[in-house]
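# Coordinates in review
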Amino acid sequence: MTQTALSEIGEFGLIDRLTKGFTTVNQSTKLGVGDDCAIMSYGDKVDIVITTDLLVEGIHFDLMYCPLKHLGYKAVMVNLSDIYAMNGTPKQITVSIAVSAKFSVEALDQLYEGISLACKKHSVDLIGGDTSSSITGMTISITAIGEVEKDMAVKRSGAKPNDLICISGDLGGAYMGLQILEREKHVFTKTGSQSPKLQGYDYVLEKQLKPEARKDIIERLTKYNIKPTSMIDISDGLSSELLHICRRSSVGCKVYSDKIPVNKNTEKVATEFNIDPLTAALNGGEDYELLFTVDINDFHKISMVSDVCIIGNITTSNEGENLITKQGEKIKIIAQGWNGFSH
Ligand code: ADP
Ligand code: MG
């Protein structure tokens, strides 16, 4: 039998291939594989949303520059972000860890301090997990469970032509933060210099090391009585997430490059690294902002929601997925975000 390399089909290709033979047989399973969370239904008031994420040392985090407390915090945040991306409210998490002998008890205390801080901030209960030894390094797997009012869950699949494409916060910061940390790690391994140059980079470093799941945005949308037609959180970069929405919703999109929000601090660091800030926003991952679409009739309401920008609109699928540059040039959007098997 021929052996196909994982890099040939990529992360999403692999998930599709492995899961395509599965159908759901339980009535309580309302939505299975393919969104930020699965949806389960047991009563007529609330639905349950559930998500899980795996973080592997050396792949998702580097303990040379990621303090364990921050890692614990971030590991929870990335899961809560998926709950919010369904328009849900996170309620519980389980945390499973595999750790090698290189970690001390005190180091793991630090990890759990970060986990605890994240739980407190979002009123989430730690309800269980599993602990194992590992041969090398650390692996953390967190599952988050949330509630969403019946029929209020927002999937990736509901966008329709003319919907407005919205985004919370600003993009590219986490990626530029990573570039700073990688640069200083490189200096350290080359010269042994113990004084990393991190001053003045607070904004992007915080975006990378201490991302915030956007509970506030979900609360504001509820307050203004806006139910997005589709939503996803930005873990892999705007391009990749736009394509997920378009493919799941069978639509196209038109996004205006000059509308994509990039913070001044991010721009400055990008320029220092000779990276186009727009590239960082489109392809850099880990911003954990929310990308969502709203009906055009909600234009006035969404304009009142602070820290949300409208970056374009949904089109029919035959128009494709396009980025419109400042000069009015049309560029096809392609996913160059993070792919676990491509490097
Ligand atoms: P996210 O970026 O929001 O965490 P992923 O891209 O990791 O989502 O996953 C996409 C979808 O595929 C999700 O519904 C997820 O639950 C599902 N999935 C990912 N890996 C597997 C797997 N190994 N087996 C079954 N389902 C999976
Ligand atoms: Mg997600």
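Quick note: structure is the one above.
Notes on the structure follow. (Residues numbered from 1 in each chain as written. Chains lettered and ligands numbered in written order. Predicted model: local features only at pLDDT ≥ 70, side-chain atom pairs only at ≥ 80, totals over all residues. Heavy atoms only, no water.)

## What about the sheet that holds strand β10 (residues 290-294)?
- Read across the open sheet, the seven strands follow the order β8-β10-β7-β11-β9-β12-β13; overall the sheet is mixed. Of all the strands in the sheet, just β8 (230-233) and β13 (330-332) have a single pairing partner and so form its edges. For this sheet the average axis-to-axis angle between neighbouring strands, irrespective of direction, equals 25°.
- Where strand β12 (residues 321-324) and β13 come together, three bridges link them in antiparallel fashion. (Pairing = 2+ DSSP bridges. Helix = DSSP H or I, 4+ residues; strand = E, 2+ residues; numbered from the N terminus. Axes fitted to C-alpha atoms, helices over the stretch in contact; angles between N-to-C directions.)

## Points about the packing of helix α4 (residues 173-191) against helix α5 (residues 202-209)
- For the pair α4 and α5, interaxial distance at closest approach is 7 Å and the crossing angle is 100°. Accordingly, the angle class assigned to the pair α4 and α5 is roughly perpendicular. Of the residues in α5, those touching α4 at Gly 173, Ala 174, Met 176, Gly 177, Leu 178, Ile 180 and Leu 181 are Val 204, Leu 205, Lys 207, Gln 208 and Leu 209. (Parallel < 35°, antiparallel > 145°, perpendicular 65-115°, else oblique. Contact = heavy atoms within 4.5 Å.)

## Description of the nonpolar core
- Ranked by internal contacts, the top residues of the largest apolar core, which has 62 residues, are Ile 93, Leu 111, Met 138, Ile 140, Phe 292 and Ile 302.
- No other element matches the nine residues that helix α2 (residues 68-84) contributes to this core.
- Split by domain, this core shows at least three residues from each of two domains, domain 1 (6-148) and domain 2 (164-332).
- With residues near it in sequence (within four places) discarded, Met 138 still touches Leu 55, Val 56, Glu 57, Phe 61, Leu 68, Leu 71, Ala 98, Val 99, Phe 103, Leu 108 and Leu 111.
- Counting 23 residues, the second-largest nonpolar core is a separate cluster that includes Ile 167, Leu 243, Val 255 and Leu 323. (Core = buried A, V, L, I, M, F, W, Y, C linked by side-chain atoms within 4.5 Å. Buried < 20%, exposed > 50% of the residue type's maximum accessible area, 1.4 Å probe, protein only. Domains from an automatic or database assignment.)

On their own, these measurements won't tell you what the molecule is for.
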